[in-house]
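As a plain string of letters, each chain reads:
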Amino acid sequence: MKFQIQIDHRENDERIQEAAYYYKSKGDTVQVKELLVGDYVFNNQVAFEYKTMNDFIQSVESGRVFNQAIDQTTNYHYHFVIIVASDKEKQEYLDGFDEEAYVFGWDNYDGAIARLNTFTTVKECSTEKRAIRFMRQQARKCLDNKKIVKRLKQKTDNPAFNWLALVKHIGDDTAELIVENKDLYSLTDLLELDNNSLQEIKGIGSKTAGIVMRSIKGKRR
């Protein structure tokens, strides 16, 4: 499978060159341009937000990465956040050299990833080269037309409905019921739901509410 790949021009110059060289060696077409959403986009369907360790931490603290990930979910069928850092880099950043001055630790890191994984997919890669190769491999898996997950019976312009309708054991009717009763218009709105408010909806019991909440928030351990 050959790809048409778009790379955001604000990416690191050396990384752009390495990615373009690798993708072109595979027969892909590469275009470097300003992208409004995502850093790497394959065939206008699979988007990747690329983060170095330092950029990821800063974007978590500012909230930027969550907005970027949500933008990807509303613009692309497949979407991922890539964090590129070696184990040594993670340890240096998250353990810190001065515990009093360094407030972003492992709990913050794991918590941010867990939150992102409620509506997108996070992949950690140890090197830039692995990340570049992974993105192409993942795009190929996404676009090989194999039916792996539930498909929407109907597609709407409401990302909250589209997301809920894909949850196993929910379905279109229940998704529509929740969206209309709670005035959900975005994935951000979904993150504000809680178990009690869901059970206030006539026809939504504790079992269904639990399924929805586990899907949105991630199963608590």
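Since we're looking at a predicted model, the values are computed, not measured.

A.B. asks: Quick question: what am I supposed to make of the overall build of the protein chain here?
C.D. replies: Counting its regular elements, the protein chain contains 11 helices and six strands. The contacts in the protein chain between residues at least 6 apart in sequence include a share of 67% that link residues at least 24 apart. Entry remark: accessible area of the protein chain is about 13000 Å², with carbon and sulfur atoms responsible for 44%.

A.B. asks: Help me out: how do you make sense of the packing of aromatic side chains in this one?
C.D. replies: The geometry of an aromatic ring pair comes down to the distance between the two centres and the angle between the two planes. Within this structure, the stated rule accounts for eight aromatic pairs. Note on Y40 and Y50: the rings are 5.9 Å apart at their centroids and 45° apart in plane angle, and the pair reads as tilted. Of the two residues, Y40 is situated in strand β3 (residues 40-42) and Y50 in strand β4 (residues 46-52); the sequence distance between them amounts to 10 residues. What makes Y40 buried here is its relative accessible area of 0%. Assessed through its relative accessible area of 3%, Y50 is described here as buried. Between F42 and F48, the aromatic rings sit 5.6 Å apart at their centres with planes inclined by 75°, giving edge-to-face as the arrangement. In this pair, the class of F42 matches that of F48, namely buried. These aromatic residues form a ring-pair network of at least three members: F3, Y22, Y23, F42, F48 and F80. Here the guanidinium or amino end of R115 rests over the ring plane of F66, the centre of that ring lying 4.1 Å away.

A.B. asks: I'm lost on the packing of helix α2 (residues 53-62) against helix α4 (residues 87-95) in this one. Help?
C.D. replies: Each pair of packed helices can be summarised by the angle the axes make with each other and by the distance between the axes. Between α2 and α4, the shortest axis-to-axis distance is 10 Å and the interhelical angle comes to 35°. In this structure, α2 crosses over α4, and the sense of that crossing is right-handed. Contact residues: α2 offers M53, N54 and I57, while α4 offers K90, Y93 and L94. A per-class count over the contact of α2 with α4 returns four nonpolar, one polar and one charged.

A.B. asks: It is not clear to me how the pattern of salt bridges should be interpreted in this structure. Could you clarify?
C.D. replies: Under the definition given, this model contains nine salt bridges. Here D8 and R10 are joined by a salt bridge, their closest N and O atoms 2.9 Å apart. Its salt-bridge partner being E49, residue K51 comes within 3.5 Å of it at the nearest N-O pair. Like E49, K51 is buried. Salt bridges sharing common partners tie together E49, K51, D55 and R64.

A.B. asks: Quick question: what am I supposed to make of the pairing of strand β1 (residues 4-8) here?
C.D. replies: The two faces of a sheet get side chains in turn, since along a regular strand they alternate between them. Extensive coverage of β1 is indicated by the burial of four of its five residues. Summarising the sheet, β1 and strand β2 (residues 29-33) pair through five bridges and their orientation is parallel. Among the inter-strand pairings, I5 is bridged to a residue of β2, identified as V30. Where the polypeptide runs from β1 across helix α1 (residues 13-25) and back to β2, its parallel neighbour, the crossover connection is right-handed. Bridge count for β1 against β3 is three bridges, and the pairing is antiparallel. Bridge pairing in β3 places I5 opposite F42.

The rules behind these values
Residues numbered from 1 in each chain as written. Predicted model: local features only at pLDDT ≥ 70, side-chain atom pairs only at ≥ 80, totals over all residues. Heavy atoms only, no water. Helix = DSSP H or I, 4+ residues; strand = E, 2+ residues; numbered from the N terminus. Contact = heavy atoms within 4.5 Å. Areas by Shrake-Rupley, 256 points an atom, 1.4 Å probe, with all protein chains shown as cover. Phe/Tyr/Trp six-rings, centres within 6.5 Å; stacked < 30°, edge-to-face > 60°. Buried < 20%, exposed > 50% of the residue type's maximum accessible area, 1.4 Å probe, protein only. Lys NZ or Arg CZ within 6 Å of the ring centre and 35° of its normal. Axes fitted to C-alpha atoms, helices over the stretch in contact; angles between N-to-C directions. Left-handed = near helix turned anticlockwise from the far one by under 90°. Nonpolar A, V, L, I, M, F, W, Y, C, P; charged D, E, K, R; others polar. Salt bridge = Lys/Arg side-chain N within 4 Å of Asp/Glu carboxyl O. Pairing = 2+ DSSP bridges. Right-handed = clockwise from strand over helix to strand, strands pointing away.

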